[in-house]
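# Geometric and topological summary
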Amino acid sequence: MSDPIVSLRDLRRTFEQGGQRIEVLRGVNLDIMPGEIVALLGPSGSGKSTMLQAVGLLEGGFEGSIAIAGERAEKLASDERTRIRREHLGFVYQFHHLLPDFNATENVVMPQMVAGVDRAEATVRAEQLLTDLGLGHRLTHRPNQLSGGEQQRVAVARALANQPTLVLADEPTGNLDETTSDTVLGQFLELVRGEGSAALIATHNERLASRMDRIVRLHDGVLD
Ligand code: ADP
Ligand code: MG
């Protein structure tokens, strides 16, 4: 057996608001194996986004341990966390967050160039990813010239651009109608499987979750 790509141990997060303490994560434990696609299921307000922010090393304030590819992130300085994010993680959000002044291909080229890939090579990969996602005819469209489903597919291509070991997705199709949501999720899962990445995908939709390799449920601040 290989080692897990993510290990969470007794992960805790408490928010203080108006003199009140809200314990959102109360001891989360989880291992994700390389290439495994895990659905993070829970109703709105159960702490899915909070948990993804922790795993994505996007925010401090957590207790417990988070290991990514064998590195204990809670012990690292912020520039080291940035390195882990760049080397290992890809993100898809509910709203696409694409750069409005750049076309689909350029939005997928950009993170590769930041990682040191030259423009020509990055462009070949961007066009390949977008074509795999059914967007071969939309390569030079800007975000505002794309439908919601197309925008999310560009965001998926961008997240996969640097071959992340783990893709983190926060309700990636939560903003789409049911039919589009099914299609986009199918293409997303197929691409992640093809690339061999692992994924942790938050959703409150049982039907979408059932298409992933495993479901974990966030309930009262723990996974059951
Ligand atoms: P989900 O993504 O499952 O809908 P969230 O992780 O967004 O849930 O939120 C879980 C709980 O934590 C909610 O009750 C929310 O109000 C609270 N929460 C999230 N972020 C903050 C914050 N920055 N300050 C205070 N409370 C927060
Ligand atoms: Mg959320």
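Our subject is the structure that appears above.
A quick note: this is a predicted structure, and the numbers were derived from the prediction, not measured.

### Focus on the site of ligand 1
Around ligand 1, the neighbouring residues are Phe15, Gln17, Val24, Pro43, Ser44, Gly45, Ser46, Gly47, Lys48, Ser49 and Thr50. Note that an oxygen atom of ligand 1 is positioned 2.7 Å from one of the backbone N or O atoms of Gly45. Between ligand 1 and Lys48, the relevant distance is 2.9 Å, taken from an oxygen atom to a side-chain nitrogen or oxygen of the residue. Relative to its free-state accessible area of 560 Å², ligand 1 is covered by the protein chains to the extent of 63%. Of all the secondary-structure elements, those providing two or more residues to the shell around ligand 1 are strand 1 (6–17) and helix 1 (48–55). No other element matches the 3 residues that helix 1 contributes to the shell around ligand 1. Tallied by class, residues from the shell around ligand 1 come to 3 nonpolar, 7 polar and 1 charged.

### Overview of the pairing of strand 7 (residues 166–170)
The buried fraction of strand 7 is high, at 5 of 5 residues. Judged by which residues are buried, strand 7 turns out to be covered on both faces: Leu166, Leu168 and Asp170 on one side and Val167 and Ala169 on the other are all buried. The pairing of strand 6 (residues 89–92) with strand 7 spans 4 bridges and is classified as parallel. Note that in strand 7 the partner of Val92 across the bridge is Ala169. Sheet topology note: the strand 7/strand 8 (residues 198–203) ladder contains 5 bridges and is parallel. Looking at the pairing, Val167 lines up with Ala199 of strand 8. Viewed along the sheet, the connection from strand 7 through helix 6 (residues 178–195) into strand 8 turns out right-handed.

### Thoughts on the side chain of Asn107
Along the polypeptide, Asn107 turns up in helix 3 (residues 104–114). Overall, the relative accessible area of 3% leaves Asn107 in the buried class. Beyond its immediate chain neighbours, meaning those up to four positions away, Asn107 contacts Leu98, Leu99, Phe102, Pro143, Val154 and Arg158.

### Here we look at the pattern of salt bridges
As enumerated under the stated definition, the model contains 18 salt bridges in all. Salt-bridge contacts for Glu171 lead to Lys48; the nearest nitrogen and oxygen are separated by 3.8 Å. Separated by 123 residues along the polypeptide, Glu171 in the loop between strand 7 and helix 6 and Lys48 in helix 1 bring together distant segments of the chain. Of the two residues examined, Glu171 and Lys48, each falls in the buried class. Among the salt bridges present, the one from Glu178 reaches Arg207, with a minimum N-O distance of 3.8 Å. Of this pair, Glu178 sits in helix 6 while Arg207 is found in helix 7 (residues 206–209), placing the two residues 29 residues apart along the sequence.

### Here we look at the layout of surface pockets
For the largest pocket, the calculated volume is near 500 Å³. Lining the largest pocket are 20 residues, and of these Leu89, Gly90, Phe91, Pro111 and Asn162 lie nearest its centre. Of all the secondary-structure elements, those providing two or more residues to the lining of the largest pocket are helix 2 (78–88), strand 6, helix 3 and helix 5 (148–160). It is helix 3 that provides the largest number of residues to the lining of the largest pocket, a total of 4 residues. Considered class by class, the residues forming the lining of the largest pocket number 11 nonpolar, 6 polar and 3 charged. Within this model, the second largest pocket holds a volume of roughly 150 Å³. Mapped onto the lining of the second largest pocket, the elements with two or more residues apiece are helix 6, strand 8 and helix 7. Classifying every residue of the lining of the second largest pocket by side-chain character gives 7 nonpolar, 6 polar and 3 charged.

### Regarding the packing of aromatic side chains
In the structure shown here, the tally under the stated rule is 1 aromatic pair. Ring centres 6.1 Å apart and planes at 5° place the aromatic pair Phe91 and Tyr93 in the stacked group. According to the relative accessible area criterion, Phe91 is buried, its value standing at 17%.

Here is what the cut-offs are and how they apply
Residues numbered from 1 in each chain as written. Chains lettered and ligands numbered in written order. Predicted model: local features only at pLDDT ≥ 70, side-chain atom pairs only at ≥ 80, totals over all residues. Heavy atoms only, no water. Near = heavy atom within 4 Å. Polar contact = N/O pair within 3.5 Å; in protein donor to acceptor, adjacent residues only side chain to side chain. Areas by Shrake-Rupley, 256 points an atom, 1.4 Å probe, with all protein chains shown as cover. Helix = DSSP H or I, 4+ residues; strand = E, 2+ residues; numbered from the N terminus. Nonpolar A, V, L, I, M, F, W, Y, C, P; charged D, E, K, R; others polar. Buried < 20%, exposed > 50% of the residue type's maximum accessible area, 1.4 Å probe, protein only. Pairing = 2+ DSSP bridges. Right-handed = clockwise from strand over helix to strand, strands pointing away. Contact = heavy atoms within 4.5 Å. Salt bridge = Lys/Arg side-chain N within 4 Å of Asp/Glu carboxyl O. 1 Å grid on protein atoms, 1.4 Å probe; cavity = no way out; pocket = protein on both sides within 12 Å on 5 of 7 lines; lining within 4 Å. Points joined across faces, edges and corners; volume = space filled by probe spheres on them. Phe/Tyr/Trp six-rings, centres within 6.5 Å; stacked < 30°, edge-to-face > 60°.

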